[in-house]
Every structure is written in C-alpha cells, then in structure tokens.
Amino acid sequence: MVGDGALLLGLVEEFVTGLQDSKAADTATGVKKGQFAVLELVEALGSSLTSSEPRTRGRGIQLLSQVLQQCCTSLSEKEVQVLTAFYENRLKDHYVITPHVLQGLKALTLCPVLPTGLAISILKSLFQDVHVQSLMQTDRSCVYNILINLMESREEELKGLGADFVFGFVQAIDGEKDPRNLLLAFQIAQNILYRNYELGSFTEELFEVTSCYFPIDFNPPPNDPHGISREELILSLRAVLSGTPRFAEFLLPLLIEKLDSDVQSSKLDSLQTLAACAAGYGHKELKEFLPSLWSSVRREVFQTASEKVESAGLSALRSITACLSCSVLDSDSEDSLNTFLDLVLKDCQHHLCEPDLKLVWPSTKLLQTAASASYRASYKITAAVVPLLLEQYNNHTQNAQRRTLVEVLQGFIQLPWGSHTEEGDENPLTGYRQPLCALVFSALTESSPALQTAAIRTLTALGTQPGLLSGEDIDLAADHLTRLVLREEEPQTCSAAMEAAGSLARLHPTAFASRMVPALKQEILSEAMEECEGRPTAQSQQALRQRSLKTLSTVSTHPSLVQETVPILLQALSVSHKGSSSFELEEVVSACRSLQQIAELAKDSEESGRYFHQTVIPRLLGLAVQASLQGGGAPNPLTEERVLSAMVPIFSTACGYLHTQLAAHTASLVLSLFLDGDTSFLPENNIPQQFHLLKMEVPNTDRLLSELEELSCSCVHPFTHTSAAKCFAGLVNKHPAGEQLDTILKRSVKRIESGLSSDSPNRIQVFTLLLWVSKALLLRYHPLSTTLTDKLLSLLVDRELGSLAADGFALLMNDSTDVLNRACHADVRMMYRQRFFTETAPKLVLGFNCAPEERKSSYLKALSHILNSLPRQVQITELPSLLPLLLEALCCPDHGVQLSTISCLHPLLLDTPQVMTSHLETLLSRLLGLTASPAMKVRVISLQCLKALTRLPEHVVLPSRPRMLRALAVPLGDKKRLVRREAVLARGEW
C-alpha cells in the first residue's frame, strides 16, 4: 500500500505541477483497479486543494473531477456524500475553479447511490452560488446537464422544491444565447411542463424567459460541426410553448402579433405553433381570442403568396376547430364551436356565390378544412354550404362557373367524415343524396369536357362514400361511364371516366360486370368496320378498340371482375390468332398489356392468382405454340416479336406474387412443354403428338441449361437467341453454388471463348450470351464474373464488337425489367455496382491509355455508362480522379459517348461545381463546342451544364463572362425550341 500511496502522490504531482493531463486517465485506472480509493485521492490532493494559488487549486479539483467522470458508477454512498459536500463548498471559491467544480457535480449526479436530499442540496448551491450566464458556454451546458440528470433520477425530490425549482431555472437560463445550450434549456422546460412540476406564481416568468426566442431566427454557419439546425430549435421551442394551457393568455396575443409580420418565416412559425397549441389547449383558453385568431388565419389564406403559409394557416384552423369541438356543453355555457363557425361561414360563404372570382377557392379551402376537423363541424358547415352550392349550380348557366361549383362540391363530398363519426352517426351528406346525384348525372351529359371531367371525379367521390349512391344510382353511374369511355372523343374526359370506373368497380363489381363489361366486349370483338351514320370510321374504330382494351384492364379491380374481363382478352387473342378478325398488331399488343395490368392489379388476390395459373397461362402458352407451328398463309400476329415481348410480362407478373407450391407446379408444366413437348395441360389442344421443341435426353436442370445455351449461340433469330440468353442467365443467377454450377459455367465459358473467335459465324449470338451471363454472375458476386468482365473489356478494341461491348456495360449496371431483378427473385447483392466500379474503372483507364486512337471511344463510352449508374455520392467521391478522362470523352466524335458523358457531368456540376475550378477553361471550350452538335439532346444538356457552371465563385467565372455571353448568343437561334429555351436560361445566368 505504501507503494500505491507513493504512486498516487506521483500522479497528483505530475498532473498538478507538471501539467501532464494524461495522468488523469492513469489515476482513474488506478481507482478502477482498486489501487487507491477516491477519498485517498482527495487526501493526496490536500496541499493542492489548500494552496493559496487559485490555479493550483483548480488543477487539483480538475484532476478529481476527471477521475469522478470515469468512476462515478462505482462510488459508495459515503463517498458521494463527502464529495458532494466538498464540491458544494468549492462553489464559493475563486471563479477559475468553478468550471472544474461543475464537472465534478455533474459526475456525482450520475451516481446511482446519490443519497436522498443531496439533489436538493446540489440545486440550492447552484442557484445560490453560481451566476450561470457569466460562465463560458461549456460550463453553462454543464449546469443544464446537472439539472437534466437530476430530473431523470430524482424527480420526486425536485418536485418537493415546489415553484422554487422553476424560479431557479428561470434565473439560470435568462439571457442564454448559444443554440447548443438553448436545446438543453428547452428540454428542461419541456420536462417541467410535461411532468407536471409546480409553476406557482412563476408561470409568466417561465413563459417570458422561453418565448423571448420566438420566432427562432438562427441560421447555422457553413460546415457547422455541432449539427444544430434551425428546425431543431423551432420544434424544441414549440414543444415548450404548447406544453401548458396556462401559457395561453400570454402566447396567443404574441402569435397574433407575429402574424402581422412581413417576414414569411415568422408567419409560418406562428401558424404552426398555433396549430400545436390549439391541439393541447381547451376551448376556454381559446375563447377570448377566437375573433382575432380567425381574422389572422383568414388573412393568411386569402392573401398569402406562399403555399407553405397557406397550408400552415389551414392546419391551424383545423386544430382550433377540433379543440372547440371537444367542449362539453351545459345549459349555462356558450357553444364556442358554434360561435366560431358562424364567423367562418360569415366571411367565406358568400364567396361561393361568385364562382368566377378568385376568392372562391381560398373560401372553399377554409370551409372544407373547418368541416374536416370534427363531426359537429362537418354537420354545421354542410348544412349551410351544400344547399347553397346546389342552388348556385342551377342559377349559373356558364359551364366554367358550373365546373367550379362541381369541383367545390367534390371537395366537400370527399372529406374524411368517417374518421370523426361514432356508431350510429350518419353521413352529413345523406340528406342531400338525391339532389347531389341529380346534379352530377346532369353534368355528365353536358357538352363541356371540363365540366364532364369535374362531374366524373365528383361521381367517384360519391361512390366511395357509404350510402350516398343507391343501387339504381350505381347502375346509372356505370352506364354513364361506359358511354363516356366509348363515345367521348375528348382524351381528358375519357381518361377520367376510365379512372372513375376502376375506383367504383372495386366497390361495386356486380354493376360494372353486368353493364360496362358487356359493352366493352362488344366493341373489342366487333367486326363491323363499315362507315355508317352514328358509327365511327375504321381508324376511329381501332382507337375505340384500344380504349376498350385499356378500360377492361382498368376495371379489373375485384376478383369477380377478373374472371369476367380476362376471358374477353383471351378471346380477342384467340380471334386474332385464327385470322378471322380485323385486329391490328398494335391492338394485339394492347390486349397483352391489358392482361399484364390485370395480373398486376390482382397480385394481392389469391383467388385471381390461382385463376391466372390454372387458366390464363396455359391458354396463352397454347396460343403461342399453335401460332409458332402454323404453316404459310397470312402472317400470324402472335408470332410477332412485339406481341411475344408484351406476352412475357404476363407470365413474370403472375409468377412473381404466387404461392410457392403453385408456382413450382406451373414451372414444371412449362419445363415439360419446353423439354418434352408435353402439351397435355394446354386447352384447345390440336398440336401434333410428335411436337418437340428440343430433342436432348439429359437430366432436367442440366438439360434445360444446355438447350438454352445451344439455342442462344446458334439461333439466327435475334429475339429468340436473346430470350434464350436471358433465360439461361436467370437460371444461372439463382442456381445453388456447387459442383453442378461450376460444371455448367465451365462449359459455357469454353463455348463463349470459342464462339467469339474472329472466324466464328455466330459472334453476335455468343456475345449476347456473354453479356447476360456476366450480369447474372456479377449480381451474385460469383468469382467467375471477373473473368467474364475481363473478356468483355478485351472486346472493346474489337472492330466488329467494340461498340456493342461498350454499350454492354450499361446493361450490366442498369436494372433489367424482365429478368435478373428483385421482382423476379434474382440473387442481387447490395452495392454490386460500387464493387464493379472499383474493380473495373482502373482497367478501363489503363485500357484507354494503351488503346489505338480509333478504339479509345469504346473505353470512354463504357466508363460513362458505369459512372451514370452509380449513386450520386459515389460519383462525387470519384469525380476528381476521373475528370480528365471525362473531359477527353467530350472530344469524342461519337454522339453516344458525348451524351452519356455530359449526362454524368450535369448532376455533378450542380452538386460539386468547385471540383471543376481547375478545369474550367477546358470544360467551357468543350461544352461550347457541343452546343453546335447535330444531336439535339447533346445540345440541350451541354447548355444545362454551362448554366450549372455559374454556381462557381464569382472570381472564378467573371473573367469568362464576356466570352460566354457572345458564344451563347448563337444557340438562341437554334431551330429546336427546347435548345433555345436552355440557351436563354444559360445566357441569363451568365
């Protein structure tokens, strides 16, 4: 122990006299290991603590406090008691010692064994002996943290102080200016208010000492290391101001005053604070200020040019109305809600009679917002407004005015009444059901497309509200929508009718199945193309059929409707296959797309999913196989590449959301068809029994992959060999790792290497397979992906395949829509693009430097494709090292390289223009050259880049300004409007 005592004295001496700060950590380590106790440290510090030199005493207390910060959880109750008394006494010492004393007290407040009564003692000493606002920022922060620690661990003791605690806190923070400390002070104030500390007679003082910061006008300096935002301070102060209704008499006049300010941020903060306060106050606190509050809110909504201020004003109105709606009425009290809504109606209602004036919409928003706050409010406002709107519709004859009135009605109809109702409450609009329906159906027959569109949307709102449409109304609605879809030529109206049909069909499938679907079927399968009075021409008939196909998929929003609509689409495909119809190729493609859309809509329905797999997929496969076996004669649309490409997503969409067992069964049937020619599951089966797609007899997985590989390498039909390569890649991507996969890949790599030789007749096919297999392995981080990528890199100098290889990097980096994506359950690893870039970029740079001049463009194109697909942050990080190469790419004569490069540069110029400073002259020259490019897209983006460069510091860009103004005058006369527009914007910035 003698040795430990000497060690302790040595550590104290080195810290206090030798000024070696690191000895504090050594001392704390000794305490933790039990070499010496904290009270022994106090004894060892004796001469330092009693020194006549304040700074020596300060060093001694600093050492003790730093040790306590590391050892506070292991102190005994006796040690805490002794140390607390010591530190409280030291608060009366010289001011240079105070910061170290506060650090020690802060550590003691974290001790779990802090004896009862010491929390009160510490607070009284702080409030009596420390003038907080004379301290440095860190020391004031320490005081606030002491309060927070004690509020967390000794709340009941602190509440025993009564209002004295609030008084002490008010004195402590009065005059605080540092935003870091204000966040702590606001947190303490929130604890006082939300944990029900006694305010006593200091309510106004607490309000004054916090509200003096309202509204917050703090703006953090650039690169602020503390990360404190203005929004953070605003929300923290708002939580204080809205924390107790006792602040209402002081806060509400302040908010009304601040709303008179011309500063938009002040208005916004005041309105948002008002909304927060109203949500926590009662009607009694608001009652006195209601006229003034309404006047302020109304003014901001009527007159503001800021959408944010308007939105905040409406939110405040909703909160006030909701607060007043919660008041409990008795025989002696005034109905505050009724009084307030009378004010709202008085100032807004008459504007609804002037639908062609600008105040109709602000008034509508105010009324709808108030109505949406509660059931009571909605009932009163509806009773006043809806009859007025119905009357005004009949009084006005102009379509524009009627449209405005219908749109206003729509807003009231679609308000969320249900969220405020209780069981037994009826919809406030129930009493106006018949006149509302009559108005909407009348408007649907008007000649004005804008009025019809407004009526359609209002009809949708009526249909989605329970009880507002009777069975007869729903049938009539379906008839009207059918007429508008089939006979209305205005695209806006037709589109709105389709959308409405989809929404209402989900809720009322029977009506649409019996009324709209048969009419659509008749139009789709109609053979009548002759022109006659009242019938469309052949050209418009085709457009009508397209529209009918689209509508059929749009209304398939219910499982029962799916089983009504899908057979019609399958029948259309069957008719086009038999060649007995006037179906155009585009219409067949549309039918396939409609089926795919229905599969997408039905993905959450197990019933519809089973229907697709038991009926739709076999039927489509049967049609496709029959079409492929059809002999000469008229061309079959089902063999066209566009149709097959539209048919594939039907399968992938239906399979992507199916139960595993059902999907596995479907897959086995398709494989048996592909490998063995088993057509037994296909409907309407008239396919020859000897039908075989493939002829090999090997185990299924290996057999399938082998046949796909063969098909992808030898077939001369582009669509077929590309599809085979995609299928092969998709299977390889999901294949479990192991010997079987290694064998498959070894065989494929050998086939690819031999097939890419210069004398091979099928180089294009083999190259396509290389691309897709490379992507499949890249996505799953397979080791062989590097080998295949290197092979792809070597092809960049190939005269025949170099350009294709460069574009292939775009395929590797971008998401594929049909295979190798997460929707198809592909094995896609995180951040594979970043990894690929890290491995490949150095090889591209090296290859570029070594390549002959005529092949350099391929490397530049490949690099720009990779960069374009990287996340923005990665691009910003890598830009400085690759910028010289990208500038070189701007000189490449290949328009594809130019477009890809400047597309990559443009967002980077917006985010990090300063990186370009050292290359500004080169960049300006090359971008100006591109403004005369034959490619319009290149001209447009190069002008956007030139505009972005004006974000550089003024001293950097000003020397180039005269030159840029002259040069940018040239594209002002470009023959393309988009180019001229960008030239005007760019020249304006310069």
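Residues numbered from 1 in each chain as written. Predicted model: local features only at pLDDT ≥ 70, side-chain atom pairs only at ≥ 80, totals over all residues. Heavy atoms only, no water.

- The chain is annotated in an unreviewed UniProt entry as MMS19 nucleotide excision repair protein of Acipenser ruthenus.
- The heading Subunit (unreviewed entry) in the UniProt record of the chain holds the text "Component of the CIA complex."
- Under the heading Sequence similarities (unreviewed entry), UniProt records this for the chain: "Belongs to the MET18/MMS19 family." (UniProt positions renumbered as here; feature names shortened; annotations may be inferred.)

Notes on the overall build of the chain
Turning to step 1, where the next piece is worked out: A count of helical and extended segments in the chain gives 49 helices and zero strands.
Turning to step 2, where the next piece is worked out: Its C-alpha atoms give the chain a radius of gyration of 39 Å, more than 25% over the compact-globule value 30 Å for 990 residues.
Turning to step 3, where the next piece is worked out: Referenced to the eigenvectors of the C-alpha coordinate spread, the extents of the chain come out at roughly 115 × 85 × 70 Å.
Turning to step 4, where the next piece is worked out: The 990 residues of the chain split such that 53% are buried.
Turning to step 5, where the next piece is worked out: Taking contacts inside the chain between residues at least 6 apart in sequence as the whole, the part at least 24 apart equals 72%.
Turning to step 6, where the next piece is worked out: Split by element, the accessible area of the chain, about 44600 Å² in all, is 52% carbon and sulfur.
Turning to step 7, where the next piece is worked out: The distance from the centre of the 88 positive side-chain charges to the centre of the 109 negative ones in the chain is 6 Å. (Helix = DSSP H or I, 4+ residues; strand = E, 2+ residues; numbered from the N terminus. Rg over C-alpha atoms; globule rule 2.2 N^0.38 Å. Buried < 20%, exposed > 50% of the residue type's maximum accessible area, 1.4 Å probe, protein only. Contact = heavy atoms within 4.5 Å. Areas by Shrake-Rupley, 256 points an atom, 1.4 Å probe, with all protein chains shown as cover. Lys, Arg positive; Asp, Glu negative; His and termini not counted. Charge placed at Lys NZ, Arg CZ, Asp CG, Glu CD.)

Section: the side chain of Lys267
Turning to step 1, where the next piece is worked out: Note on placement: Lys267 falls in helix 16 (residues 264-280).
Turning to step 2, where the next piece is worked out: On the accessibility criterion, Lys267 (9% relative accessible area) is buried.
Turning to step 3, where the next piece is worked out: From its side chain, Lys267 meets the backbone oxygen of Leu259 in a polar contact 2.9 Å long.
Turning to step 4, where the next piece is worked out: Once residues within four sequence positions are removed from consideration, Lys267 is found in contact with Leu259, Ser261, Asp262 and Glu300. (Polar contact = N/O pair within 3.5 Å; in protein donor to acceptor, adjacent residues only side chain to side chain.)

Notes on the pattern of salt bridges
Turning to step 1, where the next piece is worked out: Taken as a whole, this structure holds 41 salt bridges when the rule is applied.
Turning to step 2, where the next piece is worked out: Here Glu157 makes a salt bridge to Arg154, at a shortest N to O gap of 3.5 Å. Like Arg154, Glu157 is buried.
Turning to step 3, where the next piece is worked out: The network of salt bridges with shared partners includes Glu152, Glu155, Lys159 and Arg195. (Salt bridge = Lys/Arg side-chain N within 4 Å of Asp/Glu carboxyl O.)

Describing unusual backbone geometry
Turning to step 1, where the next piece is worked out: The linkage connecting Phe214 with the following residue, Pro215, adopts the cis geometry, with an omega of -5°.
Turning to step 2, where the next piece is worked out: With a phi close to 65°, Asn196 is a non-glycine residue in the positive phi region.
Turning to step 3, where the next piece is worked out: Examined against the element boundaries, Asn196 turns out to sit in the loop between helix 12 (179-194) and helix 13 (203-211).
Turning to step 4, where the next piece is worked out: Exposure remark for Asn196: the relative accessible area of 64% places this residue in the exposed category.
Turning to step 5, where the next piece is worked out: The phi dihedral of Tyr781 falls on the positive side, at around 60°, and the residue is not glycine.
Turning to step 6, where the next piece is worked out: Following the sequence through the fold, Tyr781 ends up in the loop between helix 38 (763-779) and helix 39 (784-794).
Turning to step 7, where the next piece is worked out: Assessed through its relative accessible area of 26%, Tyr781 is described here as partly exposed.

Topic: the environment of Ile188
Turning to step 1, where the next piece is worked out: One can find Ile188 in helix 12.
Turning to step 2, where the next piece is worked out: C-alpha separation for the pair Ile188 and Arg966, spaced 778 residues apart in sequence, amounts to 62 Å.
Turning to step 3, where the next piece is worked out: For Ile188, the residues in contact, after removing those within four places along its chain, are Tyr144, Leu147, Ile148, Met151 and Phe169.

Points about the packing of aromatic side chains
Turning to step 1, where the next piece is worked out: This model, assessed by the stated rule, comprises ten aromatic pairs.
Turning to step 2, where the next piece is worked out: Aromatic pair Phe127 and Phe165: ring centres 6.4 Å apart, planes at 50°, arrangement tilted. Of this pair, Phe127 sits in helix 8 (residues 118-129) while Phe165 sits in helix 11 (residues 163-173); the two residues are 38 residues apart in sequence, bridging distant segments of the chain.
Turning to step 3, where the next piece is worked out: For Phe127, a relative accessible area of 23% corresponds to the partly exposed category.
Turning to step 4, where the next piece is worked out: For the pair Phe186 and Tyr213, a centre-to-centre distance of 5.9 Å together with 70° between the ring planes defines the contact as edge-to-face. Of this pair, Phe186 sits in helix 12 while Tyr213 sits in the loop between helix 13 and helix 14 (230-241), placing them 27 residues apart in sequence.
Turning to step 5, where the next piece is worked out: Overall, Tyr213 belongs to the buried group, its relative accessible area being 15%.
Turning to step 6, where the next piece is worked out: In this structure, Lys159 packs its charged tip against the face of Tyr197, placed 5.5 Å from the ring centre.
Turning to step 7, where the next piece is worked out: Over the face of the ring belonging to Tyr781 we find Arg835, whose NZ or CZ atom lies 4.1 Å from the ring centre. (Phe/Tyr/Trp six-rings, centres within 6.5 Å; stacked < 30°, edge-to-face > 60°. Lys NZ or Arg CZ within 6 Å of the ring centre and 35° of its normal.)

Description of a negative patch on the surface
Turning to step 1, where the next piece is worked out: Where like charges cluster on the molecular surface, the negative patch consists of Glu204, Glu205, Glu208, Glu249 and Glu288.
Turning to step 2, where the next piece is worked out: A per-element tally of the negative patch places helix 13 first, with three residues. (Patch = residues over 30% accessible without salt bridge, like charges linked within 9 Å, V, L, I, M, F, W, Y side chains within 5 Å.)

A word on the nonpolar core
Turning to step 1, where the next piece is worked out: Counting residues in each nonpolar core, the largest one holds 227 residues, and the members touching the most others are Tyr87, Ile192, Leu206, Leu286 and Leu481.
Turning to step 2, where the next piece is worked out: With residues near it in sequence (within four places) discarded, Ile192 still touches Met151, Phe165, Val166, Phe169, Tyr197, Leu199 and Leu206. (Core = buried A, V, L, I, M, F, W, Y, C linked by side-chain atoms within 4.5 Å.)

Observations concerning the domain arrangement of the chain
Turning to step 1, where the next piece is worked out: Annotation of the chain at the domain level lists domain 1 (244-373), domain 2 (514-527 + 537-676), domain 3 (694-870) and domain 4 (899-989).
Turning to step 2, where the next piece is worked out: Between the C-alpha centres of domain 2 and domain 3 the distance comes to 32 Å.
Turning to step 3, where the next piece is worked out: In this assembly, eight residues from domain 2 lie in contact with eight residues from domain 3.
Turning to step 4, where the next piece is worked out: The contact between domain 2 and domain 3 buries some 930 Å² in all, and 68% of this surface belongs to carbon and sulfur atoms.
Turning to step 5, where the next piece is worked out: Viewed at the interface, domain 3 and domain 2 are joined by zero salt bridges.
Turning to step 6, where the next piece is worked out: For the pair domain 2 and domain 3, the interface holds zero residue pairs in polar contact (both at pLDDT 80 or more).
Turning to step 7, where the next piece is worked out: Among the elements of the structure, helix 33 (641-656) and helix 34 (660-676) are those that each provide at least two residues to the side of domain 2 that touches domain 3.
Turning to step 8, where the next piece is worked out: Residues that form the side of domain 2 that touches domain 3 fall into these classes: four nonpolar, two polar and two charged. (Domains from an automatic or database assignment. Buried area = accessible area lost by both parts, 1.4 Å probe. Nonpolar A, V, L, I, M, F, W, Y, C, P; charged D, E, K, R; others polar.)

Considerations on the side chain of Glu709
Turning to step 1, where the next piece is worked out: Among the structural elements, Glu709 can be located in helix 35 (residues 700-714).
Turning to step 2, where the next piece is worked out: Judged by relative accessible area, which is 4%, Glu709 ranks as buried.
Turning to step 3, where the next piece is worked out: Among all residues touching Glu709, those that are not within four sequence positions of it are Phe728, Arg747, Ser748, Arg751 and Leu769.

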